[in-house]
Protein chains: 2
Amino acid sequence: MAKIQVFGHKNPDTDTVASAMGAADLLVQQGLETQAVAQGKPNAETQFALDYFGLTALPIIDKAQTAEVVLVDHNEAAQSVDNLADVQVYGIYDHHKFAFENATPLYITAKPWGSVSTILYYEYLQAGLTIPAKVAGMLASGLISDTLLLKSPTTTDVDRKALPELAKIAGIEDLDGYGLAMLKAGTDLSTRTDEE
Amino acid sequence: MAKIQVFGHKNPDTDTVASAMGAADLLVQQGLETQAVAQGKPNAETQFALDYFGLTALPIIDKAQTAEVVLVDHNEAAQSVDNLADVQVYGIYDHHKFAFENATPLYITAKPWGSVSTILYYEYLQAGLTIPAKVAGMLASGLISDTLLLKSPTTTDVDRKALPELAKIAGIEDLDGYGLAMLKAGTDLSTRTDEE
Ligand SMILES: [Mn+2]
Ligand SMILES: [Mn+2]
Ligand SMILES: [Mn+2]
Ligand SMILES: [Mn+2]
């Protein structure tokens, strides 16, 4: 069993799944034992991205199963696992407003950028590490999802710079085509269940 | 007037003063207008370091005077300026446990290392920026202060690596001699006022 589970918020979106995968891989490359997990099934948009890059969905948890955890794409307890208070937060990668309290010093990398996927792209870059193509594909997808293909008002210059570079690593040739198809998959009612 | 005041905690210690100076300079080099300030007079140890490097004490504030601020060496409101809730926190550099809440996404760089001075040394390094010699001297002093010259149990390998490199940039030839003299200045009762 990995020593550190890495997960995003409840009702996972594409940025949460992508950044859990990215952070887990980055930290493995930096010598930690991590496992990316999710607090729920992928939505239709995320499933489109997973299928495109030949990836399976992350294992689903409702409680953290490791003594240490890394939070991505959230920091507030209400959006996290039910037993957050019982585990130690090793680190956080996030781009939201903060409401976080804990008892021990920790790693936090927060930036007011369009996606956590963008933050992780620059973390790989700064660390001089290689982003696996499939991870780059998911990070591109998380960035596209949170910024609506760089159209949302939360989009920053940093996001605009990162997306084509991630797409190149991922081997996405028609970036707009991929992005629109992915966003469309998320809004396609035909893929929704009765519950939704 | 600078657009962003940068300050550490109440009852400033050497790491708080050094990291305010370091973060203010780093952010100026990255294109922001900043001013390092402090929530009180330097203690005897910090004054020793300021004198050694030919620096004057930081301007003293009790309320932030800019719409945006950067917090160093603290994140909890109780340790910050009285009007923290009325200003926007642009960023935080810290190495303490967290209890922080705000309304807008922001920059946070937190690491469980021996001093914020250490964190700032690596921020300069990652950004490929030059640390002015006097700033390096203060960062070395902040690191020495918080880690008791690398002897405290909070000392990490990262701190052990950073200190000699900062000392070299600062032109401190006898690092142990300087560190012991600075720590001694902080415990020298003869320099204390009646109040203390
Ligand atoms: Mn999200
Ligand atoms: Mn997000
Ligand atoms: Mn301090
Ligand atoms: Mn400190």
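Summary of the structure given here. (Residues numbered from 1 in each chain as written. Chains lettered and ligands numbered in written order. Predicted model: local features only at pLDDT ≥ 70, side-chain atom pairs only at ≥ 80, totals over all residues. Heavy atoms only, no water.)

What follows concerns unusual backbone geometry. All names here are of chain A. With a phi close to 50°, Leu-148 is a non-glycine residue in the positive phi region. Turning to its location among the elements, Leu-148 is positioned in the loop between α4 (133-147) and α5 (157-170). The exposure class assigned to Leu-148 is partly exposed, which follows from its relative accessible area of 47%. (Helix = DSSP H or I, 4+ residues; strand = E, 2+ residues; numbered from the N terminus. Buried < 20%, exposed > 50% of the residue type's maximum accessible area, 1.4 Å probe, protein only.)

Once that is clear, we can look at the pairing of strand β6 (residues 107-110) of chain B. Of the strand pairs in this sheet, strand β6 (residues 107-110) of chain A and β6 of chain B are connected by three bridges, and their pairing is antiparallel. Bridge assignment links Thr-109 of chain A to a residue of β6 of chain B, and that residue is Thr-109 of chain B. In terms of strand pairing, strand β4 (residues 88-94) of chain B meets β6 of chain B through four bridges, oriented parallel. Paired with Gly-91 of chain B across the strands is Tyr-107 of chain B, a residue of β6 of chain B. (Pairing = 2+ DSSP bridges.)

Another point: the side chain of Asp-15 of chain B. Residue and element names in this part refer to chain B. Within the secondary structure, Asp-15 is located in helix α1 (residues 14-29). Buried within the structure, Asp-15 lacks any salt-bridge partner; its nearest side chain of opposite charge belongs to Lys-111, at an N-O separation of 15 Å. Within polar-contact distance, the side chain of Asp-15 engages the side chain of Ser-117 at 2.8 Å. (Lys, Arg positive; Asp, Glu negative; His and termini not counted. Salt bridge = Lys/Arg side-chain N within 4 Å of Asp/Glu carboxyl O. Polar contact = N/O pair within 3.5 Å; in protein donor to acceptor, adjacent residues only side chain to side chain.)

This brings us to the interface of chain A and chain B. Facing 20 residues of chain A, the contacting portion of chain B comprises 20 residues. Roughly 1700 Å² is buried in total at the junction of chain A and chain B, and carbon and sulfur atoms are behind 58% of that figure. Among the residues of chain A in contact with chain B, Phe-98, Tyr-107 and Ile-108 of chain A are the three that bury the most area, contributing 29% of the side total. Across the chain A-chain B interface, the total number found is zero salt bridges. Linking chain A with chain B are eight residue pairs in polar contact (both at pLDDT 80 or more). Contributions of two or more residues to the side of chain A that touches chain B are made by β5 (99-101) and β6 of chain A. For the side of chain A that touches chain B, the element with the highest residue contribution is β6 of chain A, accounting for four residues. Looking at the side of chain A that touches chain B residue by residue, the classes come out as 11 nonpolar, six polar and three charged. Inspection of the sheet shows β5 of chain A paired to strand β5 (residues 99-101) of chain B by three bridges, in the antiparallel sense. (Contact = heavy atoms within 4.5 Å. Buried area = accessible area lost by both parts, 1.4 Å probe. Nonpolar A, V, L, I, M, F, W, Y, C, P; charged D, E, K, R; others polar.)

With that out of the way, let us pick up the packing of helix α2 (residues 44-52) of chain A against helix α6 (residues 175-187) of chain A. Between two packed helices, both the angle of their axes relative to each other and the distance between the axes serve to describe the pair. Residue and element names in this part refer to chain A. At a minimum axis separation of 6 Å, α2 and α6 run at an interaxial angle of 135°. The pairing of α2 with α6 is recorded here as oblique in orientation. Handedness of the crossing formed by α2 with α6: right-handed. Packed against α2, whose contacting residues are Ala-44, Glu-45, Phe-48, Ala-49 and Tyr-52, the element α6 presents Tyr-178, Ala-181, Met-182, Leu-183, Ala-185 and Gly-186 at the interface. For the contact of α2 with α6, the residue count by class is nine nonpolar, one polar and one charged. (Axes fitted to C-alpha atoms, helices over the stretch in contact; angles between N-to-C directions. Parallel < 35°, antiparallel > 145°, perpendicular 65-115°, else oblique. Left-handed = near helix turned anticlockwise from the far one by under 90°.)

This next bit is on the relation of the copies chain A and chain B. Relative to chain B, chain A is turned by 180° and slid 0.0 Å along the rotation axis, the superposed coordinates differing by an RMSD of 0.0 Å. What the rotation and shift describe, once combined, is the action of a two-fold rotation axis. By residue overlap, the copies meet face to face through one surface: 100% of the interface positions of chain A are interface positions in chain B. (Least-squares fit on C-alpha atoms with pLDDT ≥ 70 in both.)

So, about the coordination of the manganese ion (ligand 4). Residues and elements named next belong to chain B. Coordination of the manganese ion (ligand 4) by the protein comes from Asp-15 (OD), Asp-73 (OD), His-95 (NE2) and Asp-146 (OD), over a distance range of 2.1 to 2.3 Å. Of note, the donors binding the manganese ion (ligand 4) are all from one chain and are spaced D-x57-D-x21-H-x50-D. If you look at the manganese ion (ligand 4) and the manganese ion (ligand 3), they sit 3.5 Å from each other and are both ligated by Asp-73. One end of the pair, His-95, is in the loop between β4 and β5; the other, Asp-146, is in helix α4 (residues 133-147), with 51 residues separating them in the sequence. Across the pair, exposure class does not vary: His-95 and Asp-146 are buried alike. (Donors = N, O, S within 2.8 Å, 3.2 Å for Na, K, Ca; no water.)

Glancing now at the pattern of salt bridges. Residue and element names in this part refer to chain A. For the structure shown, the criterion picks out 10 salt bridges over all chains. Here Lys-3 ties to Glu-33 by a salt bridge, and the two come within 3.5 Å at their closest N and O atoms. Taken as a pair, Lys-3 in the segment before β1 (4-7) and Glu-33 in the loop between α1 (14-29) and β2 (34-36) lie far apart in primary sequence, 30 residues in all. For Lys-3, a relative accessible area of 54% gives the class exposed. On the basis of relative accessible area, Glu-33 is assigned to the partly exposed category, the value being 42%.

Once that is clear, we can look at α4 of chain A. Residue and element names in this part refer to chain A. Between its first and last C-alpha, α4 extends 21 Å over 15 residues, near the 21 Å set by a 1.5 Å rise per residue. The element α4 is extensively covered by neighbouring structure, given that 12 of its 15 residues are classed as buried. Taken residue by residue, α4 has Val-135, Ala-136, Gly-137, Met-138, Leu-139, Ala-140, Ser-141, Gly-142, Leu-143, Ile-144, Ser-145 and Thr-147 as its buried positions. In the core, the buried residues of α4 are packed alongside α1, α2, α3 (116-127), α5 and α6. Just beyond α4, the residue with positive phi is Leu-148, at close to 50°. (Expected span 1.5 Å × (residues − 1).)

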